[in-house]
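Analysis of the macromolecular model
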Number of protein chains: 4
Amino acid sequence: MVNLGIVGGTGYTGVELLRLLASHPEAKVKVITSRSDSGMLVADMYPSLRDHYPDLCFTEPDAATLAACDLVFFATPHGVAHALAADLLSAGTRVVDLSADFRLRDADEWSRWYGQPHGAPELLPQAVYGLPEVAREEIREARLIAVPGCYPTAVQLALIPLLEKKLITTQGIIADCKSGVSGAGRSAKVGSLYCETSESMKAYSVGKHRHHPEITQGLSQAAQEAVGITFVPHLTPMIRGIHATLYVRLKPEQQQLTNEELQELFETRYQNEPCVDVMPWESCPETRSVKGANICRIALHRPHDSDLLVVLAVIDNLVKGASGQAVQNMNIMFGLEESTGLKFAGLLP
Amino acid sequence: MVNLGIVGGTGYTGVELLRLLASHPEAKVKVITSRSDSGMLVADMYPSLRDHYPDLCFTEPDAATLAACDLVFFATPHGVAHALAADLLSAGTRVVDLSADFRLRDADEWSRWYGQPHGAPELLPQAVYGLPEVAREEIREARLIAVPGCYPTAVQLALIPLLEKKLITTQGIIADCKSGVSGAGRSAKVGSLYCETSESMKAYSVGKHRHHPEITQGLSQAAQEAVGITFVPHLTPMIRGIHATLYVRLKPEQQQLTNEELQELFETRYQNEPCVDVMPWESCPETRSVKGANICRIALHRPHDSDLLVVLAVIDNLVKGASGQAVQNMNIMFGLEESTGLKFAGLLP
Amino acid sequence: MVNLGIVGGTGYTGVELLRLLASHPEAKVKVITSRSDSGMLVADMYPSLRDHYPDLCFTEPDAATLAACDLVFFATPHGVAHALAADLLSAGTRVVDLSADFRLRDADEWSRWYGQPHGAPELLPQAVYGLPEVAREEIREARLIAVPGCYPTAVQLALIPLLEKKLITTQGIIADCKSGVSGAGRSAKVGSLYCETSESMKAYSVGKHRHHPEITQGLSQAAQEAVGITFVPHLTPMIRGIHATLYVRLKPEQQQLTNEELQELFETRYQNEPCVDVMPWESCPETRSVKGANICRIALHRPHDSDLLVVLAVIDNLVKGASGQAVQNMNIMFGLEESTGLKFAGLLP
Amino acid sequence: MVNLGIVGGTGYTGVELLRLLASHPEAKVKVITSRSDSGMLVADMYPSLRDHYPDLCFTEPDAATLAACDLVFFATPHGVAHALAADLLSAGTRVVDLSADFRLRDADEWSRWYGQPHGAPELLPQAVYGLPEVAREEIREARLIAVPGCYPTAVQLALIPLLEKKLITTQGIIADCKSGVSGAGRSAKVGSLYCETSESMKAYSVGKHRHHPEITQGLSQAAQEAVGITFVPHLTPMIRGIHATLYVRLKPEQQQLTNEELQELFETRYQNEPCVDVMPWESCPETRSVKGANICRIALHRPHDSDLLVVLAVIDNLVKGASGQAVQNMNIMFGLEESTGLKFAGLLP
């Protein structure tokens, strides 16, 4: 049994961790912290969990209590894990950080995008970017995991088969992404109100979203060369879900590739991946097909049989894009079957 | 392992059965029928189930194949179970009917409300109304279960503690109920289109809904006298969920009951019920707290400390109001732990 | 041309006033104030108004500028109009207050429900409760209008025909009301986030909502005796709309009234009312039929032909429940045709 | 006063025509036809219009009655206007067709995309593609108007300033478009149900949507050369709205263009257009800012200051994308001020 702590448990990734872990047979949440709501029962904040955590309370973060856990999840705004991770690691506690603190390998780049100094650059060498489909072996040995962001998870899973095989032009990639509102978190902001987001669609942070350098880093690693991408996120009136629509071009010398070969490339790449589903050629995955599920569904299109490929990928931003992927990392780190506790089918309708 | 058949699996209660049974450790779906979509892969109609039922196909209903199952669920419009149940029962197969076919004990009343003759009145004596909180022992021995309707489940669970103890006036009860759109099923009707139901609220079938006699039957049984109720359902812009708001009056001789006594009455009545959650006094249960979960949450209010009680009850109409309750019945019938496969926490947010 | 000021224009009733007044031929917004956003262009906060108010800016509230207007609307939280109304009235400026400040005639009762002293009890004698269907003649002469609340508008319009004629029991009335989220305003609260309100339904403030005394006051005036009501509001996942479901009982001596007589009573009562629509007997009005429109639609039901009547009423909470009704009052005060600028059809779908 | 007929008035473009024309001072709907609902009151199907059309009934289409109108709108599926337009035109009645029947200049291409022979190729020479921002003078003289499709309106208005000036590469344009569900019409289809579309996002008809040739035709005309575009529509959980995200590349010789010059290009191109709004550089238009309004809002981005431009455009698919644009065409044809009856501000929130 893995004893767990959660730092910052009142947000959406926190409650989602609790939901997933409630039915995990090999892990148990021992402590969950919240500065703002310490003393409150989890069940009072989240009545959906009344039956599963009747007694668990949010507590003030306490170093010793957390250090007594086998693993601590950070479900916090950026900056918090910077401050607390080193002590936990020293105490032998593994850290799985759902925030952006350790996702970028370059501390200076992190500072540029997040507008503040990096708080723990000395930990970067040991931080592992926790995308199991790319770094499973490193995750197995890791003590500090940076859980990928939601958009980066969808975009990378959609494109790495093509980039690893060097089939597509690495410049001019377009990622038109659509996210549900839970991606904006549970903080009280006018822009996230029901009346501001329902029945409307808009782009935001065009070319300026903080997931941009993370996506570029991951794709460049897969391609083994610098990748240039235009990333435009859109806010969509739904709670959960990311739909990534990727536009890429086959290299001139690869244009003889048949549709069957492209489809097979993806199927082969992901054939042993429990959390990636390659759908039939020309499928149109719906975000609702992954609602609550730790899976990324991918489908390929080649409109007008040109050199342009359209890759579609959907995830639940709170599951495969955050808390589910965090649990997947935990499972790997502790030698458990990778999908343990993550086998829910999507809630449809 | 219980071998299962599902008749009429393409609707929302059908796919919900599949979702719940996908993680049930003691039951397996062997056959699922559909006249309209026979030959189609379940995974093609419901991509959310691709990982769980990669090979299961809808097939034409076939008597022998169904009779070879231990239990057959009917997830069909009314009338179908009337036609097929007798042969299955004769073959020793148990039947759990999610439709309205066997819910009313009086065949004539059924005919009045459904506008057609009752197709199997000879089976009524053995049909058990499958509300486990009321009829657990009969369910254990039953071979033919009528799964309660969604509204009746919420309304009965909210009121039976009061009626059983004869605390409230049995006439003039008001049930103002709100349902998500999935209650209207998956058939192609203009009235269920997104553009007809989103961003709007309306009452419908005021005093004329087919769940009226089922509610009256259940409440009258609990009260051991005829109960008179006004039931007004409302269509609400959400996929899942029923919110029942019940207005009842304490009998004159019971008005000295304290709030604590009333709360305790409910807590005691349901203390051993795995699928009913009595919330603290004056709570306001949200339907999202039970989204995807097989639970009914109930809370009590007594505004202005008068003789009028307001009882609030929420369920997921597709789970505790249909498929989850069907599985709960199956568990009881086969001597399994009652919540097996039904322990999901609600998907919140 | 009526020159107008708006105090507190950044909330939903403020922008709705601007939308309605943009096409009003006899009125012009000269000044709109906001402490938090002074200096900002209205068009930058509300791009929907770019074409209609290209140059209008939010400004700091300034007494002289406001006093130079013919009429000032208060679209503010309670308490603000208390502080500012007297000076404006002294300057000869009419005041139409959309907040609750002058709705209750009894300053002590106001204090009890709002938890603070009444800030301007000396103005109460001249304040007119601006429900045109009840107080048109007083509104014509008024200098200070309290625009009715959203729930009270729907409930009163639904019940006053019955109460004025003394046809129903004045105790035990039940008002089960459902409101869209815009009723909670545009302030940044977790409870109003998309992810907290979408796909869910809940009751709130059961028996404790601040509109309770306002409803009671209005119904009691219509009945000319004290009315007892249980009012349970529910939060509904839609932006706009109130659906009121009222349960009332005919007095014993009135039970011989036919359905036709009841229907005629309503049609007669409202036959000259431009903003009330009595629908045919047993209609089920949808809130979307009034989306953006200054109208209340009402329909009558008598389930099971008993003594219990169900009256359904729908309004757009931001129009007939707030800003539209405010403009309707202004029209009456300035001798304009009452529906001027208010003739939009509901936006359906 | 322009006397109007509407053929096929029960769909969403039909009811939207009625809504807009209800407040049009110079036009009057004399007849509205429906084969399926003839005899029904418009007010019974659309209660939102009860106050505006108390007596108007749907009637069987009748040639003589329609021919007596000054202008007939077709709000029908494709094929209907093919069959009926010639006779109306012969009778001197103008025709404004909201369907796709006369949008493509090449009858063979029409046949390929619509899978049936073109029913009226002889009328194509006189058909005018009714995009006022491009063809105002031809519209003024036209007797047969093909109202542009919803996606084509947004995409063309977003790109023609760049194409007309030959600033961008005409191959490899990407149009990632998102539409509300009303674009699928009011027919009873499972795919348009609330429970199938709410809380989900998906692409559809990737590279195969029937608006593809219409977009290509319009852009190629603006560019005066063949344009190659990849068009991927997405279904979005909202009733109304199209959000077009366009990705285009400046020609190598144009990359010295400054952001200011690009912005000015758009502002100049549309400075006298009443129904196009160029927002400030790097704005993110929301579809809700045009809900119910006959306007297209456009904004420009140049992420990473590269040669790639992102143009964002939003419209209400039922207004500027259909019925509003139809009325705009009518106004031009009859010499009325172009925005007559079209000055509504968007309904926000």
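Residues numbered from 1 in each chain as written. Chains lettered and ligands numbered in written order. Predicted model: local features only at pLDDT ≥ 70, side-chain atom pairs only at ≥ 80, totals over all residues. Heavy atoms only, no water.

Test applied: UniProt positions are given in the numbering used here, feature names are shortened, and annotations may be inferred rather than shown by experiment.
An unreviewed UniProt entry lists chain A under the name N-acetyl-gamma-glutamyl-phosphate reductase, with Marinospirillum celere as the source organism. A UniProt comment under Catalytic activity (unreviewed entry) is attached to chain A, and it reads "N-acetyl-L-glutamate 5-semialdehyde + phosphate + NADP(+) = N-acetyl-L-glutamyl 5-phosphate + NADPH + H(+)". In the Subcellular location (unreviewed entry) part of its UniProt record, chain A is described as follows: "Cytoplasm".

**As for the interface of chain D and chain A**
Frequently, the measure chosen for interface size is the accessible area that the parts lose on association. Selection rule: Note on definitions: a residue-residue contact is assigned when non-hydrogen atoms from the two residues lie within 4.5 Å. Joining two parts hides part of their accessible area as seen by a 1.4 Å probe, and the buried area is that hidden amount summed over both. We define a salt bridge as a contact between a side-chain nitrogen of Lys or Arg and a carboxyl oxygen of Asp or Glu at a distance within 4 Å. A run of DSSP states H or I qualifies as a helix once it reaches four residues; a run of E qualifies as a strand once it reaches two. Both are numbered from the N-terminal end. In the scheme used here, Gly and all other residues not listed as nonpolar or charged are polar, with Ala, Val, Leu, Ile, Met, Phe, Trp, Tyr, Cys and Pro taken as nonpolar and Asp, Glu, Lys and Arg as charged.
Listed as interface residues are 44 residues of chain D and, on the opposing side, 43 residues of chain A. A combined buried area of about 3600 Å² lies between chain D and chain A, and 59% of that area is made up of carbon and sulfur atoms. Taking the shortest distance from any N to any O, the salt bridge between D:Lys178 and A:Asp176 comes out at 3.0 Å. Among the secondary structure elements, those contributing two or more residues to the side of chain D that touches chain A are β8 (173-179), α8 (194-197), β9 (202-203), β10 (229-235), β11 (242-249) and β14 (308-315) of chain D. A breakdown of the residues in the side of chain D that touches chain A according to their chemical character gives 20 nonpolar, 12 polar and 12 charged.

**Digging into the sheet that holds strand β6 (residues 127-129) of chain C**
All names here are of chain C. Applied cut-off: A pair of strands is considered paired only if DSSP assigns at least 2 bridges between the two.
The parallel open sheet is built from 7 strands, whose spatial order is β3-β2-β1-β4-β5-β7-β6. Each edge of the open sheet carries a strand with a single partner, namely β3 (58-59) and β6. Sheet analysis places strand β1 (residues 2-7) next to strand β4 (residues 71-74), joined by 4 bridges and oriented parallel. Its bridge partner being in β4, Val-7 is matched across the sheet by Phe-74.

**Remarks on the relation of the copies chain D and chain A**
The line we're drawing: Our superposition of the copies is a least-squares fit, built on the C-alpha atoms of residues whose pLDDT is at least 70 in both.
With an RMSD of 0.0 Å, chain D superimposes on chain A once it is rotated by 180 degrees and translated 0.0 Å along the axis. Taken together, the turn and the small shift mark the pair as related by a two-fold rotation axis. When C-alpha distances to the rotation axis are compared across chain D, the minimum falls at D:Pro237, with a value of 3.1 Å. In this assembly the copies share their binding face: 98% of the residues contributing to the interface of chain D also contribute to that of chain A.

**A closer look at the interface of chain B and chain D**
Stated precisely, the cut-off is as follows: Nitrogen and oxygen atoms within 3.5 Å of one another constitute a polar contact, given that in protein one can donate a hydrogen and the other can accept it, and given that sequence-neighbouring residues count only through two side-chain atoms.
Contact with chain B, which involves 19 residues of that partner, is made by 19 residues of chain D. Here chain B meets chain D over a buried area of about 1600 Å², counting both sides, of which 70% is carbon and sulfur. Where chain B packs against chain D, one counts 2 salt bridges. At the junction of chain B and chain D, the tally comes to 10 residue pairs in polar contact (both at pLDDT 80 or more). With 4 residues, helix α8 (residues 194-197) of chain B is the largest single contributor of residues to the side of chain B that touches chain D. Partitioning the side of chain B that touches chain D into residue classes produces 10 nonpolar, 5 polar and 4 charged.

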